[in-house]
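Chains, contacts and geometry: an overview
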Amino acid sequence: RVALFAERWDVAAQAARDVEKCGGALDLTGYANVFNGNLKSNKEILFGVDFEQDVITHRYDAYVRPSGDAKALGTSALYSVFFPTSELADSYEMADGTPFSWETHGSDPYTGREPRFYATILYNGASWMGRTIESYVGGADGFKEYENSKSANTTVTGYYLRKYLNEDVNVQTGGNLLGHVWPYFRLAEIYLNYAEALNEYDPGNPDIEQYLNQVRRRAGQPSVSGLSQAEMRKKIRA
């Protein structure tokens, strides 16, 4: 990661290959399952933290869950202060690998998106914990214009994060954390780091497509081929 930020492309590529030798495998059961397993069974997570009540805990759920969960769960220990931006939501592709755009897909923006979108974003109309997300003014999950003076305690973008959320976590006590994992390094990132670095100093190297497409196929996205260096850079960073 440091070498990528420093644009030391050869160093970054070699570091990724060295990490790859440590073993591991992509979780082929689906992108969303990478974040719902545990370190003992998930070979994709090379280094991470397993949370467990009274040992290593977190309050992630309390700070990112939809505000409507407070009423649904009967708790006041829910703050809803961190949200994905519209730019992040828009960056996810369509299921066929084409870019999303409001001009083309604005009449039905949340149908036919790629699997990573549904694993990461809770949007207006999404199914969540047996109910439907209502992220609009007056809806169960609300909406407020952004202010920088205080927390809105409800979405200011129209979206909530689904990624990493564990529906079984007790928001009030932080209980039921068994199997809730925070991955610091995943094999998929190592593959993408390698592809990105290689694309910068050796564009056209067949490894670039090979490693990128392994990650894309695992996420349910079509493979890419024949891209220019700039086009490949954009796909890798997506």
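Refer to the structure presented above.
The structure contained in this document is the topic of the report that follows. (Residues numbered from 1 in each chain as written. Predicted model: local features only at pLDDT ≥ 70, side-chain atom pairs only at ≥ 80, totals over all residues. Heavy atoms only, no water.)

Some remarks on the packing of helix 9 (residues 206-218) against helix 10 (residues 229-237)
At a closest axis distance of 11 Å, the pairing of helix 9 and helix 10 adopts a crossing angle of 30°. The two elements helix 9 and helix 10 cross, and the hand of that crossing is left-handed. On the side of helix 9, the interface is formed by I208, E209, L212 and R216, while helix 10 contributes M232, K235 and I236. Looking at the contact of helix 9 with helix 10 residue by residue, the classes come out as 4 nonpolar, no polar and 3 charged. (Axes fitted to C-alpha atoms, helices over the stretch in contact; angles between N-to-C directions. Helix = DSSP H or I, 4+ residues; strand = E, 2+ residues; numbered from the N terminus. Left-handed = near helix turned anticlockwise from the far one by under 90°. Contact = heavy atoms within 4.5 Å. Nonpolar A, V, L, I, M, F, W, Y, C, P; charged D, E, K, R; others polar.)

Concerning the packing of helix 8 (residues 187-201) against helix 9
Axis separation between helix 8 and helix 9 bottoms out at 8 Å; the angle between their running directions is 145°. The handedness of the crossing between helix 8 and helix 9 comes out as left-handed. Facing helix 8, whose interface residues are A188, Y191, L192, Y194, A195, L198 and N199, helix 9 presents D207, I208, Y211, L212, Q214, V215 and R218. Partitioned by chemical class, the residues of the contact of helix 8 with helix 9 number 10 nonpolar, 2 polar and 2 charged.

Looking at a nonpolar patch on the surface
Together, F47, W182, Y184 and F185 line one region of the surface with nonpolar side chains, adding up to about 390 Å² of accessible area. Sorting elements by how many residues they give to the nonpolar patch places strand 6 (residues 180-186) first, with 3 residues. Relative to the assigned elements, Y184 resides in strand 6. Accessibility expressed as a relative area gives 38% for Y184, which makes it partly exposed. (Patch = residues over 30% accessible without salt bridge, like charges linked within 9 Å, V, L, I, M, F, W, Y side chains within 5 Å. Areas by Shrake-Rupley, 256 points an atom, 1.4 Å probe, with all protein chains shown as cover. Salt bridge = Lys/Arg side-chain N within 4 Å of Asp/Glu carboxyl O. Buried < 20%, exposed > 50% of the residue type's maximum accessible area, 1.4 Å probe, protein only.)

Focus: the environment of A95
Considering the arrangement of structural elements, one finds A95 in the loop between helix 5 (86-91) and helix 6 (102-105). Note on A95: relative accessible area 40%, which makes it partly exposed. Separated by 37 residues in sequence, A95 and H58 have C-alpha atoms that sit 33 Å apart. Those residues in contact with A95, other than ones at most four positions away along the chain, are G112, R113, E114, Q221 and P222.

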